[in-house]
Amino acid sequence: MAEEHGGGGVKKLAIFEAEAKIGEVMQGLQAIQLRPEDFSSPVALQMALSRIYEAVLKAFESGPKKRYVAEVRFTDSLGNPVVFAVDLGEAPPPFSKDKVKARVVVELYEEEE
């Protein structure tokens, strides 16, 4: 972790090397998620499946539109796996492979009031 002293005060930087997988998702389907609480009971799972079914129907009614995303994976400073997505837009990204490297920069600072 690097430390900077600039005009805005002290800043801490953490830089992580990560891997990213490039893929396609249909617009509207990114809202479909299963959460841990959806598995708490059979009724909760049925409600989650109904929610997913409705989201799929809405996505197909509006017409299929593809978006490209990168799923970024790395391990944090405490050894925990971190996964998040980056929206790359509707045009294919300019990469020749579907797996690329990523650099994640975290800057910690206090806001001035």
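Our subject is the structure listed above.
Note that the structure is a prediction, hence the values are computed from the model and not measured.

Let's talk about the pairing of strand 3 (residues 66-75)
Logical step 1: Where strand 2 (residues 9-26) meets strand 3, eight bridges bridge the pair, whose relative direction is antiparallel. Bridging across to strand 3, Met26 finds its partner in Lys66.
Logical step 2: Alignment of strand 3 against strand 4 (residues 81-89), held across eight bridges, turns out to be antiparallel. Its bridge partner lying in strand 4, Val69 is registered against Asp87.
Logical step 3: Hairpin connection, strand 3 to strand 4: the antiparallel pair is bridged by five residues, and Gly79 has positive phi, about 90°.

Structural notes on the side chain of Arg67
Logical step 1: In this structure, Arg67 sits in strand 3.
Logical step 2: Of note is the side chain of Arg67, whose polar atom sits 3.0 Å from the side chain of Asp87.
Logical step 3: At 3.4 Å, the side chain of Arg67 and the side chain of Glu90 are in polar contact.
Logical step 4: Ignoring sequence-local partners within four residues, the contact set of Arg67 consists of Gly23, Glu24, Val25, Gln27, Asp87, Gly89 and Glu90.

A look at the environment of Ile22
Logical step 1: Note on placement: Ile22 falls in strand 2.
Logical step 2: A relative accessible area of 13% places Ile22 in the buried class.
Logical step 3: Taking the C-alpha atoms as reference points, Ile22 and Tyr109, separated by 87 residues in sequence, lie 31 Å from one another.
Logical step 4: Not counting residues up to four positions away in its chain, the partners in contact with Ile22 are Val69, Ala70, Leu88, Pro93, Phe95, Lys97, Asp98 and Val100.

About the criteria used
One numbering rule holds for all chains: residues counted from 1, following each sequence as written. Local features in this predicted model are restricted to residues whose pLDDT is 70 or higher, and side-chain atom pairs enter the listing and the counts only when it is 80 or higher, whereas totals over whole chains, interfaces and linings include all residues. Hydrogens and waters are ignored; side-chain quantities use all the structure's heavy atoms. Any two strands between which DSSP finds at least two bridges are classified as paired. Under the DSSP-based scheme used, a helix requires at least four consecutive residues in state H or I and a strand at least two consecutive residues in state E, with every element numbered from the N terminus. Polar contact is the term for a pair of N or O atoms within 3.5 Å; when the atoms are in protein, one must be able to donate a hydrogen and the other to accept it, and sequence-neighboring residues count only if both atoms are side-chain atoms. The contact criterion used throughout is that any non-hydrogen atoms of two residues lie within 4.5 Å. Only protein chains enter the calculation, and the probe is 1.4 Å; a residue is then buried if its accessible area is under 20% of its type maximum, exposed if over 50%, and partly exposed in between.

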